[in-house]
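Geometric and topological summary
Chain residues, written in single-letter form:
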Amino acid sequence: MGYGKGIIEKYFNILPVNENTPVVTLNEGSTPLIKAENLRDKLGVGFEVFLKYEGLNPTGSFKDRGMTVAVSKAAEKKARAVICASTGNTSASASAYAAKAGMKSIVVIPKGAIALGKLSQALIHGAKVVAVKTNFDGCLKVVRELCEKYEVEMVNSLNPNRIEGQKTASYEITEILGDTPDYQFMPVGNAGNITAYWKGYKEINEKRGLSLPKMMGFQASGAAPIVEDRIVNKPETVATAIRIGNPASWRQAVSARDESKGGIDSVSDEKILQAWQELAACEGVFAEPASAASLAGLKLCLENKKIDKDFRGSVVCILTGHGLKDPDRAVKSVKKPVVVKESTEKVASAAGLI
Ligand code: F0G
């Protein structure tokens, strides 16, 4: 037994695994739920704000929860290769877990449209990386076709094992809070994650009678098919992780929204980047831009009075990926360092000490 538990060991009884499943794990899960007191003060709200920092999973995103189950089940079937389409994080996760399992991985990505950190992960883990001159939706279409023709295991969130693994985050949040939250804010791209959380909360509700949170999902305004109720052919956003125009789990996301009496709305790139910097500067939490759609969404709901600022309860914002995935964006978005000569006085002056 290693140090720490992965989610299969921790949640064995609620996952589609058995004693014969070879567990492929990098000790994912058990990510921190951070109390965001500075943000709470800044927003002037009466409720508690928590950040579920999924960027602290082994490959830096929530995908690892789903991938440990998907790759373990692929290993159980003696699959030799896994394949996925990706805006970056799924490819990073799939290639790492495939490496751990001694399997081949193939990742199909939109050319020039994934953050550098994510690309470097897929490459270093030894994936066969194929960049296609299309967007994510086009890549997913190709991958679905390949899976019909060839013996490869698809590890996109269309694979139900991914959803099963990812639902464990709902259990962790509930364990730490001692209850389900009142609201959950999260980004929505291909819509697998909102589907997974909702499944988790519904199970918890059935087993323990705890109330269901309102699921609040956010797309970027240039890539908001669910909000606009139409396929977006050319999705555009700085939040490349959620640059998706035709989500695979569209229907499930709409059910989560409606059943929970929550909402799915869109936030502009400007608001996403503002919230992203706020998370880093106010809370010390560096998430990737797409993750900040959750906080941008919370702020939008406060502005629109869709959520009462004085209610006493708990709100969880899911921060889906680590900021170091996309360092270019950070360097482009904030002030450059001051350059001075080697001199105590000059450094003191530039640092604002004198
Ligand atoms: N946040 C991040 C950081 C993501 O990478 C993704 C999805 C999402 C949010 C949205 O989650 O698709 O389940 O609604 N990334 C996928 C990928 C599409 O290929 O890495 P979703």
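Conventions adopted
- Residues numbered from 1 in each chain as written.
- Predicted model: local features only at pLDDT ≥ 70, side-chain atom pairs only at ≥ 80, totals over all residues.
- Heavy atoms only, no water.
- Helix = DSSP H or I, 4+ residues; strand = E, 2+ residues; numbered from the N terminus.
- Buried < 20%, exposed > 50% of the residue type's maximum accessible area, 1.4 Å probe, protein only.
- Core = buried A, V, L, I, M, F, W, Y, C linked by side-chain atoms within 4.5 Å.
- Contact = heavy atoms within 4.5 Å.
- Salt bridge = Lys/Arg side-chain N within 4 Å of Asp/Glu carboxyl O.
- 1 Å grid on protein atoms, 1.4 Å probe; cavity = no way out; pocket = protein on both sides within 12 Å on 5 of 7 lines; lining within 4 Å.
- Points joined across faces, edges and corners; volume = space filled by probe spheres on them.
- Nonpolar A, V, L, I, M, F, W, Y, C, P; charged D, E, K, R; others polar.
- Domains from an automatic or database assignment.
- Axes fitted to C-alpha atoms, helices over the stretch in contact; angles between N-to-C directions.
- Parallel < 35°, antiparallel > 145°, perpendicular 65-115°, else oblique.
- Left-handed = near helix turned anticlockwise from the far one by under 90°.
- Buried area = accessible area lost by both parts, 1.4 Å probe.
- Near = heavy atom within 4 Å.
- Polar contact = N/O pair within 3.5 Å; in protein donor to acceptor, adjacent residues only side chain to side chain.
- Areas by Shrake-Rupley, 256 points an atom, 1.4 Å probe, with all protein chains shown as cover.
- Sits in = over half its atoms within 2 Å of the grid points.

1. Some points on unusual backbone geometry
We note that lysine 78 has phi near 65°; this positive angle belongs to a residue other than glycine. In this structure, lysine 78 sits in the loop between α3 (63-76) and β3 (81-85). Its relative accessible area of 70% is what places lysine 78 among the exposed residues.

2. Quick look at the nonpolar core
Ranked by internal contacts, the top residues of the largest apolar core, which has 40 residues, are Phe47, Phe185, Phe218, Leu298, Ile307 and Val315. Look past the residues within four positions of isoleucine 307 in its chain and what remains in contact with it is Phe47, Tyr183, Phe185, Leu298, Cys301, Leu302 and Val315. In this structure, Ile173, Ile226, Trp250 and Ala256 belong to the second largest nonpolar core, which totals 29 residues.

3. Things to note about the pattern of salt bridges
Tallied over the entire structure, the rule returns 22 salt bridges. The shortest N-O distance in the salt bridge between arginine 65 and glutamate 172 comes to 2.9 Å. Of this pair, arginine 65 sits in helix α3 while glutamate 172 sits in helix α8 (residues 168-177), placing them 107 residues apart in sequence. Note on glutamate 172: relative accessible area 2%, which makes it buried. With its nearest N and O atoms 3.2 Å apart, the salt bridge here joins lysine 73 to glutamate 76. Here lysine 73 pairs with glutamate 76, and both are found in helix α3, just three residues apart, close to one helical turn. Since its relative accessible area comes to 16%, lysine 73 is described here as buried. One continuous salt-bridge network, built from bridges that share partners, spans Lys10, Lys52, Glu54, Arg65, Glu172 and Glu175.

4. A look at the side chain of serine 249
Residue placement: serine 249 occurs in the loop between α10 (225-228) and α11 (250-259). Those residues in contact with serine 249 that lie beyond four places of it in its chain are Asn190, Ala191, Gly192 and Thr195.

5. Considering empty space enclosed by the protein
The final tally for this structure, using the stated rule, is one cavity of 30 Å³ or more. If you add up the space inside the largest cavity, you get close to 330 Å³. Contributing to the lining of the largest cavity are 27 residues, with Phe62, Lys63, Gly189, Asn190 and Ala241 lying nearest its centre. Counting residues per element, the ones that place at least two in the lining of the largest cavity are α4 (89-101), α7 (160-166) and α9 (192-208). Tallied by class, residues from the lining of the largest cavity come to eleven nonpolar, 13 polar and three charged. Domain assignment of the residues forming the lining of the largest cavity places at least three in each of domain 1 (7-60 + 162-332) and domain 2 (63-159).

6. Brief notes about the packing of α8 against α9
Two elements in contact, α8 and α9, have axes whose closest approach is 7 Å; the angle formed by their N-to-C orientations is 55°. Between α8 and α9, the crossing angle belongs to the class labelled oblique. Classified by chirality, the crossing of α9 by α8 is right-handed. Note on element contacts: α9 touches α8 through Ala196, Tyr197, Gly200, Tyr201, Glu203, Ile204, Lys207 and Arg208, opposite Ala169, Ser170, Tyr171, Ile173 and Thr174. Classifying every residue of the contact of α8 with α9 by side-chain character gives seven nonpolar, three polar and three charged.

7. Quick look at the packing of α3 against α4
Running from amino to carboxyl end, α3 crosses α4 at an angle of 40°, the nearest separation of the two axes being 9 Å. When the axes of α3 and α4 are compared, the pair comes out oblique. Where α3 crosses over α4, the two elements pack in a sense that is right-handed. Along its contact with α3, which presents Lys63, Asp64, Met67, Thr68 and Val71, the element α4 presents Asn89, Thr90, Ser93, Ala94, Tyr97, Ala98 and Ala101. Grouping the amino acids of the contact of α3 with α4 by side-chain chemistry returns six nonpolar, four polar and two charged.

8. A short note on the domain arrangement of the protein chain
Entries for the protein chain in the domain assignment read domain 1 (7-60 + 162-332) and domain 2 (63-159). Distance between the C-alpha centres of domain 1 and domain 2: 22 Å. Each side of the interface is counted separately: domain 1 has 45 residues, and domain 2 has 37 residues. With both chains or domains summed, domain 1 and domain 2 bury close to 3,200 Å², and 53% of this area falls on carbon and sulfur atoms. It is Val24, Arg162 and Lys325 that lose the most area in domain 1 upon contact with domain 2, and together they represent 28% of the buried surface on that side.

9. Description of the site of the ligand
In the vicinity of the ligand lie 19 residues, with Thr87, Asn190, Ala191, Asn193 and Thr320 positioned nearest. Within the backbone of asparagine 190, an N or O atom sits 2.7 Å from an oxygen atom of the ligand. Between an oxygen atom of the ligand and a main-chain N or O atom of asparagine 193, the distance comes to 2.8 Å. Taken by itself the ligand offers 470 Å² of open surface, and the protein chains cover 99% of this. Comparing atom positions with the cavity grids shows the ligand to sit within the largest cavity.

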